[in-house]
Protein chains: 2
Amino acid sequence: MRLTAFSDVSLRIMMLLAGAEGEKLSTQTIANGVGTPYNHVAKSVAFLANHGWVSASRGRFGGVCLSEAGSAATVGQVLRATEGDIPMVECESHEGSCPLDQSCRLKGALAKAREAFFAVLDPVVISELPSQRQMGPVFVELGLGPLAQTKKLEHAQKLPQS
Amino acid sequence: MRLTAFSDVSLRIMMLLAGAEGEKLSTQTIANGVGTPYNHVAKSVAFLANHGWVSASRGRFGGVCLSEAGSAATVGQVLRATEGDIPMVECESHEGSCPLDQSCRLKGALAKAREAFFAVLDPVVISELPSQRQMGPVFVELGLGPLAQTKKLEHAQKLPQS
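About the cut-offs
Residues numbered from 1 in each chain as written. Chains lettered and ligands numbered in written order. Predicted model: local features only at pLDDT ≥ 70, side-chain atom pairs only at ≥ 80, totals over all residues. Heavy atoms only, no water. UniProt positions renumbered as here; feature names shortened; annotations may be inferred. Contact = heavy atoms within 4.5 Å. Buried area = accessible area lost by both parts, 1.4 Å probe. Salt bridge = Lys/Arg side-chain N within 4 Å of Asp/Glu carboxyl O. Helix = DSSP H or I, 4+ residues; strand = E, 2+ residues; numbered from the N terminus. Buried < 20%, exposed > 50% of the residue type's maximum accessible area, 1.4 Å probe, protein only. Axes fitted to C-alpha atoms, helices over the stretch in contact; angles between N-to-C directions. Left-handed = near helix turned anticlockwise from the far one by under 90°. Nonpolar A, V, L, I, M, F, W, Y, C, P; charged D, E, K, R; others polar.

Looking up chain A in an unreviewed UniProt entry gives the name DNA-binding protein, with the organism given as Rothia aerolata. The UniProt entry for chain A carries this comment under Cofactor (unreviewed entry): "[2Fe-2S] cluster".

Structure representation (structure tokens):
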């Protein structure tokens, strides 16, 4: 069974933003980080913003980051939004033409199974998934360096001289 | 999320054969009954026969029917066989190129969710799914008539004259 490419990229974006720990990233940076073309990423960012899971702002100090709701969002929530309307089998789609469609009990069984799939993912908080081992090299590759160290350096520079 | 067309047709074929209650059907009849091209049906029949779920024989009295194992087979069993190797997300496929692939915890969560999906379908016996309401019109359309009545007629003709 296949999740859509849209679901795939949406989850990658949220995981990358979670790894960014509040740093705003440009759409292009995100595209590089998730290995997906800019236009696909832009479409997903718009979708995620519409759902309130990311904040996107333009301008010199703009960029994309997880919102508070996004930091609490789960894989189940996001996939219900990205996959919810996708037909699992042909009879569920508008052009469906299965001759066995009438009073078919398979449909109900499949619907229950899909619900079980989502239910396993409902408690999986996306922002708790990334690890340093996963994200470290990615952010170095993006030229953003180890972010925690960047923050420490910025903080140190603001301390009064002893 | 989408099941493959191969899964879709395989389930339809088994449901149709279950509705045929032991009657052997030709591959062409099955193709008409499930609304799928002959070659796709033939491929699935070969697969189902390899798994021991259908018996397929050639010749004048040949045809395809559910085997004893097929009569007990469940949706979960069949889908594990038809979907088991299908990558759910890009990183699972050979050409996968997700930059976040390293130590990714999302993969494990998705694998658990897929297992939950199959688990719901593991007890659903395919041969218990079809109903008269579902199959009746299909078999009339196939020119096979209401099969139960056909059997009663054949049986009555064999009875000694009273």
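### Notes on the interface of chain B and chain A
Residue-level contacts link 47 residues of chain B with 47 residues of chain A. Roughly 4300 Å² of surface becomes buried between chain B and chain A when both sides are summed, with 66% attributable to carbon and sulfur atoms. When the area that chain B buries against chain A is broken down by residue, the three leading residues are M1, R2 and L100 of chain B, summing to 21%. Summed over the shared surface of chain B and chain A, the number is 2 salt bridges. Salt-bridge contacts for R12 of chain B lead to E90 of chain A; the nearest nitrogen and oxygen are separated by 2.9 Å. Elements that contribute at least two residues to the side of chain B that touches chain A include exactly α1 (5-19), α2 (27-34), α5 (75-83), α6 (105-121) and α7 (132-141) of chain B. No other element matches the 11 residues that α6 of chain B contributes to the side of chain B that touches chain A.

### Some points on unusual backbone geometry
Residues and elements named next belong to chain B. Non-glycine residue E21 carries a positive phi angle of around 45°. Within the secondary structure layout, E21 lies in the loop between α1 and α2. If you check the backbone angles, S103 has positive phi at about 55° while not being a glycine. Taking relative accessible area as the criterion, S103 reaches 31% and is therefore assigned partly exposed.

### Side note on the packing of α1 of chain B against α5 of chain B
Residue and element names in this part refer to chain B. Between α1 and α5, whose axes approach to 9 Å, the crossing angle comes to 145°. Pair α1 / α5 crosses with right-handed handedness. For the pair α1 and α5, contact is made by F6, S7, S10, L11 and M14 and by V75, V78, L79, T82 and E83, respectively. Among the residues making up the contact of α1 with α5, the classes are represented as 6 nonpolar, 3 polar and 1 charged.

### Focus on the pattern of salt bridges
For the structure on display, the rule yields 12 salt bridges over all chains. Between R80 of chain A and E115 of chain A there is a salt bridge, and its shortest N-O distance comes to 2.9 Å. In this pair, R80 of chain A sits in helix α5 (residues 75-83) while E115 of chain A sits in helix α6 (residues 105-121), placing the two residues 35 residues apart along the sequence. Connected through salt bridges with shared partners, the residues D8 and R12 of chain A together with E90 of chain B form a single ionic network.

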